[in-house]
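Observations on the model geometry
Here are the chains, one letter per residue:
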Amino acid sequence: MNDHPLKVEHHRITSDGESIASKDYEDRYFQVNGFEESKEVYIDGNNLEQRWESFSGSCFTIGELGFGLGLNFLTMMHCWLKKERSFNLDYIGIDKKILEKSNLILLEEAFPNLKKEIKIFKECNVVGHNGFECIPIPDLKIRLILVTEDVQKAINDICISNIDAWFLDGFDPKKNPEMWTEDILKAVFDLSSCDSSFSSFTSVGRIRRALLENGFEVSKIPGFGTKRHRIVGKKFVENKKPNEIKKIAILGAGLSGSNLAFNLANSNIEVDVYDALDDLKKGSSGGPIASMYPKFSLDNSPRSKFLIASYFYSLNFYIKTLGFENTGLLFYGSDEIKAKWISKILTLGRGDLFELLNNDELKDFLGVSEIKKALHVKKGLFLQPLELKKKLLEHRFIKIILNEKFVSFTEEKNKVEVDFKSGLRKSYDALAVCTGKGLKDFNDNLKVSYGQMAGISNKDLFNIKKPLNHQGYIIPKVNGTNWIGSTYEQSTDFKKENIEKKVKLNHAIFGRKGMSFEIKHLWEGERVSARNNLPIASKIPGAENIYCIGGLGSRGLSYAPFLAEIVSSAIQDKQIPLSKEIFTLLNI
């Protein structure tokens, strides 16, 4: 039993140069001519290329039981790339074990015709963790959602019944019976869209009968290669009208609102972003600098899974989509709690993500300091929020309206009417409220705290290359200034000595204890968080097309892109990229 989302199981593989097999299931992943098998059984078995030609929706969704080494995904991508597509594709891959880059190297050797697709997959920087891992490939209009769990839990965790085609590709039912239970096959039907299909390499009688009993039309057809038969099937039920959102208003131009606007605009939805302030520099998201905060929980709770899924999704978004640089981060065990946390993280066996550095190794990143050892988090970054917001909001489908104070909204006939203090009244298909502490009007479980950051300008001091977290933090110089923070206070009656303590602590860490200093810049802001220590990303209770994001606390940079992906998916009736259990916990 894995006791942490980052403690994962790997495929145990054997290869004789021709075929690749699983040691755990004593079965081949595919026949020698695996690409042809994958295309005939799953792509052609679901008639995908023909269906894509006539598909009129905004997103086609494929579900695979038994993602394995990813061959079916790569084969699908190969077919998808033959033409420019006018819609998006979601691919949900379920497996108990994670895929590693070494697995892809084996596939590269076996299937040279998939070299392009494998290169794209390698560049996705899949982390590999239990639960849901959302991996967008925006240039291809593909979103891969890997669900690494026992199959029963994984399939129960899927939120929306919108899967248009199923690849039922678990190992031999005799060797992998948990993949082929009646409960699993019933869930396959229940999670299918109105005109869904499935295909499988197997034709075992009890599986065929279970699919029939659940409502699929099932046909037994000739198998591929050495297989005598296989089964395919379709589901036919009354079609429901899709939720068409063409124009949306977002209240709040902070990190949440800006990320959501960018996400929706990339789906060709027109977005009007309103903010009560007259400048994007102002507000809680207008701080001079921000750093990602990978202080993950040490358990296997839903919150722990959310922290990890959100952190790595957001990081890849900043790097792959927006072009920011991965700098990594350092954690110093400056007190007993942080030291214990570092020790636990190191037991996860994730050398690809974490390493312990000693004093000599740290000099390359910190220069001379009192720190003897620290945890190097290899994936992380810092950036300027204003630069980030400008990148997000510079989009042809986004319009920014500043100095407009929201007053009220009403829903009538599938429209949301929004009123502002200036007298402006506008009508939209949907509304998203991302107004920080303004969400307290809808949820009294939100709490507000306040904090300060100090800017220190000393060209001879703090010439560090990575953010350093301890009993506070210090960020590398930006425009000649190191930012140090942050205090936690219950009111705006800030006590100057609190931020001065943070500055003195950093002087002591870098061997300058007692040194006089001057705070050149001071920034004050507020944090809004929920009492369950999880943010909010949901529909507002009782509303049809009104959504909200909030309660990000001090993890705005690590949360905002992922929360935007979640709410954007809900708005567009796309698959939610996290488990049903966690999505429920994010509800307002």
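Note that this is a predicted model, so its numbers are computed, not measured.

On to the overall build of the chain. The helix and strand inventory of the chain stands at 16 helices and 30 strands. Here the chain holds 588 residues, and 56% of them are scored as buried. For the chain, the share of sequence-separated contacts (at least 6 apart) that also reach a separation of at least 24 residues comes to 71%. Approximately 25,600 Å² of the chain is accessible, and the part contributed by carbon and sulfur atoms is 47%. If you average the places of the 82 positive and of the 76 negative side-chain charges in the chain, the two averages end up 3 Å apart.

This part is about the pairing of strand E7 (residues 142–148). Burial within E7 is extensive, with seven of its seven residues counted as buried. Neither face of E7 is open: one carries Ile-142, Leu-144, Leu-146 and Thr-148, the other Arg-143, Ile-145 and Val-147, and all of them are buried. Inspection of the sheet shows strand E5 (residues 88–95) paired to E7 by seven bridges, in the parallel sense. In the strand pairing of E7, Gly-93 is matched with Leu-146. Both strand E6 (residues 131–137) and E7 contribute to a ladder of seven bridges, which runs antiparallel.

We now examine the packing of helix H3 (residues 71–80) against helix H5 (residues 115–122). In the contact formed by H3 and H5, the axes pass within 9 Å of each other and the chain directions differ by 115°. Between H3 and H5, the crossing angle belongs to the class labelled roughly perpendicular. Relative to H5, the crossing made by H3 is right-handed. Contact with H3, carried on its side by Phe-73, Leu-74, Met-77 and His-78, involves Glu-117, Ile-118, Ile-120 and Phe-121 of H5 and no other residues of that element.

Residues spaced three or four apart along an α-helix point in a common direction, a consequence of the helix completing one turn every 3.6 residues. Three or more residues of helix H4 (residues 101–110) are buried, namely Asn-103, Leu-104 and Leu-107. Taken end-on, H4 shows its buried residues confined to a sector of 95°, consistent with a single buried face.

This paragraph deals with the packing of aromatic side chains. Two numbers describe a pair of aromatic rings. These are the distance of the centres and the angle of the planes. If you walk through the whole model with that rule in mind, you get 33 aromatic pairs. A ring pair is formed by Phe-296 and Phe-312, whose centres lie 5.8 Å apart and whose planes are at 35°; its orientation type is tilted. Placement of Phe-296 in the loop between strand E14 (290–291) and helix H10 (302–321) and of Phe-312 in helix H10 is noted, with a sequence separation of 16 residues between them. Measuring from ring centre to ring centre gives 6.1 Å for Phe-409 and Phe-442, while their planes differ by 20°; the resulting arrangement is stacked. Note that Phe-409 is positioned in strand E20 (residues 406–412) and Phe-442 in the loop between strand E23 (430–433) and strand E24 (446–456), a separation of 33 residues in sequence. Classification of Phe-409 as partly exposed rests on a relative accessible area of 23%. Seen from the ring of Tyr-488, Arg-527 lies directly overhead, with NZ or CZ sitting 3.7 Å from the centre.

The next subject is the side chain of Asn-214. Within the secondary structure layout, Asn-214 lies in helix H8 (residues 205–214). Of note is the side chain of Asn-214, whose polar atom sits 2.9 Å from the backbone oxygen of Ala-210. Setting aside residues no more than four positions away along its own chain, Asn-214 makes contact with Glu-182, Leu-185, Lys-186 and Phe-189.

Another aspect to go through is the pattern of salt bridges. As enumerated under the stated definition, the model contains 31 salt bridges in all. Among the ionic pairs, Asp-44 bridges to Lys-39, the shortest N-O distance being 3.0 Å. Its salt-bridge partner being Lys-340, residue Glu-336 comes within 3.3 Å of it at the nearest N-O pair. Pair noted here: Glu-336 and Lys-340 are both in helix H11 (residues 336–346), with a separation of four residues, about one helical turn.

Taken in spatial order, the three strands make up an open sheet running E20-E21-E22, and their pairing is antiparallel. This sheet does not close on itself; its edge strands, each paired only once, are E20 and strand E22 (425–428). Neighbour to neighbour, the strand axes of the sheet diverge by 20° on average, direction disregarded. Both E20 and strand E21 (residues 415–420) contribute to a ladder of six bridges, which runs antiparallel. By the bridge assignment, Glu-412 is partnered in E21 with Lys-415.

The next point concerns the sheet that holds strand E12 (residues 247–251). Judged by pairing direction, the sheet is mixed, and its six strands sit side by side in the order E19-E13-E12-E23-E30-E29 without closing on themselves. Lying at the two open borders of the sheet, with one neighbouring strand each, are strand E19 (398–402) and strand E29 (536–539). Shown here is a sheet whose adjacent strand axes are inclined to one another by a mean of 15°, direction ignored. Inspection of the sheet shows E23 paired to strand E30 (residues 546–550) by three bridges, in the parallel sense. Following the sheet pairing, Leu-431 is matched in E30 by Ile-546. Against the sheet, helix H9 (residues 255–265) engages E12, strand E13 (270–275), E19, E23 and E30, with an angle of about 170° to E12. Along the sheet, helix H15 (residues 556–571) contacts E12, E29 and E30; its crossing angle with E30, the most-contacted strand, is approximately 170°.

The subject of this paragraph is empty space enclosed by the protein. The full count for this structure, using the stated rule, is two cavities of 30 Å³ or more. The computed volume of the largest cavity comes to approximately 90 Å³. In this structure, the largest cavity is lined by 15 residues; those nearest its centre are Lys-97, Ile-98, Leu-99, Leu-146 and Thr-148. When residues of the lining of the largest cavity are traced back to their parent elements, those giving at least two are E5 and E7. The element contributing the most residues to the lining of the largest cavity is E7, with three residues. Looking at the lining of the largest cavity residue by residue, the class counts come to six nonpolar, six polar and three charged. Around the second largest cavity, the lining residues are His-129, Glu-133, Cys-134, Ile-135, Ala-309, Phe-312, Tyr-313 and Asn-316. Of all the secondary-structure elements, those providing two or more residues to the lining of the second largest cavity are E6 and H10. For the lining of the second largest cavity, the leading source of residues is H10, giving four residues.

Attention shifts here to the state of the cysteines. Note on terminology: a disulfide is the covalent bond linking the sulfur atoms of two cysteines. Per the counting criterion, the structure on display carries zero disulfides. Cysteine Cys-59 remains unbridged, with the sulfur of Cys-134 as its closest cysteine sulfur at 11 Å. The class for Cys-59 is buried, based on a relative accessible area of 12%. In this structure Cys-79 is a free cysteine whose sulfur lies 18 Å from that of Cys-124, the closest cysteine sulfur available.

For Asn-130, the location among the structural elements is in the loop between H5 and E6. Taking relative accessible area as the criterion, Asn-130 reaches 8% and is therefore assigned buried. Within the structure, the side chain of Asn-130 is placed 3.5 Å from the backbone oxygen of His-4, a separation counted as a polar contact. A polar atom in the side chain of Asn-130 sits 3.0 Å from the backbone oxygen of Lys-7.

Rules and cut-offs
- Residues numbered from 1 in each chain as written.
- Predicted model: local features only at pLDDT ≥ 70, side-chain atom pairs only at ≥ 80, totals over all residues.
- Heavy atoms only, no water.
- Helix = DSSP H or I, 4+ residues; strand = E, 2+ residues; numbered from the N terminus.
- Buried < 20%, exposed > 50% of the residue type's maximum accessible area, 1.4 Å probe, protein only.
- Contact = heavy atoms within 4.5 Å.
- Areas by Shrake-Rupley, 256 points an atom, 1.4 Å probe, with all protein chains shown as cover.
- Lys, Arg positive; Asp, Glu negative; His and termini not counted.
- Charge placed at Lys NZ, Arg CZ, Asp CG, Glu CD.
- Pairing = 2+ DSSP bridges.
- Axes fitted to C-alpha atoms, helices over the stretch in contact; angles between N-to-C directions.
- Parallel < 35°, antiparallel > 145°, perpendicular 65-115°, else oblique.
- Left-handed = near helix turned anticlockwise from the far one by under 90°.
- Arc of directions from axis to C-beta.
- Phe/Tyr/Trp six-rings, centres within 6.5 Å; stacked < 30°, edge-to-face > 60°.
- Lys NZ or Arg CZ within 6 Å of the ring centre and 35° of its normal.
- Polar contact = N/O pair within 3.5 Å; in protein donor to acceptor, adjacent residues only side chain to side chain.
- Salt bridge = Lys/Arg side-chain N within 4 Å of Asp/Glu carboxyl O.
- 1 Å grid on protein atoms, 1.4 Å probe; cavity = no way out; pocket = protein on both sides within 12 Å on 5 of 7 lines; lining within 4 Å.
- Points joined across faces, edges and corners; volume = space filled by probe spheres on them.
- Nonpolar A, V, L, I, M, F, W, Y, C, P; charged D, E, K, R; others polar.
- Disulfide = S-S within 2.5 Å.

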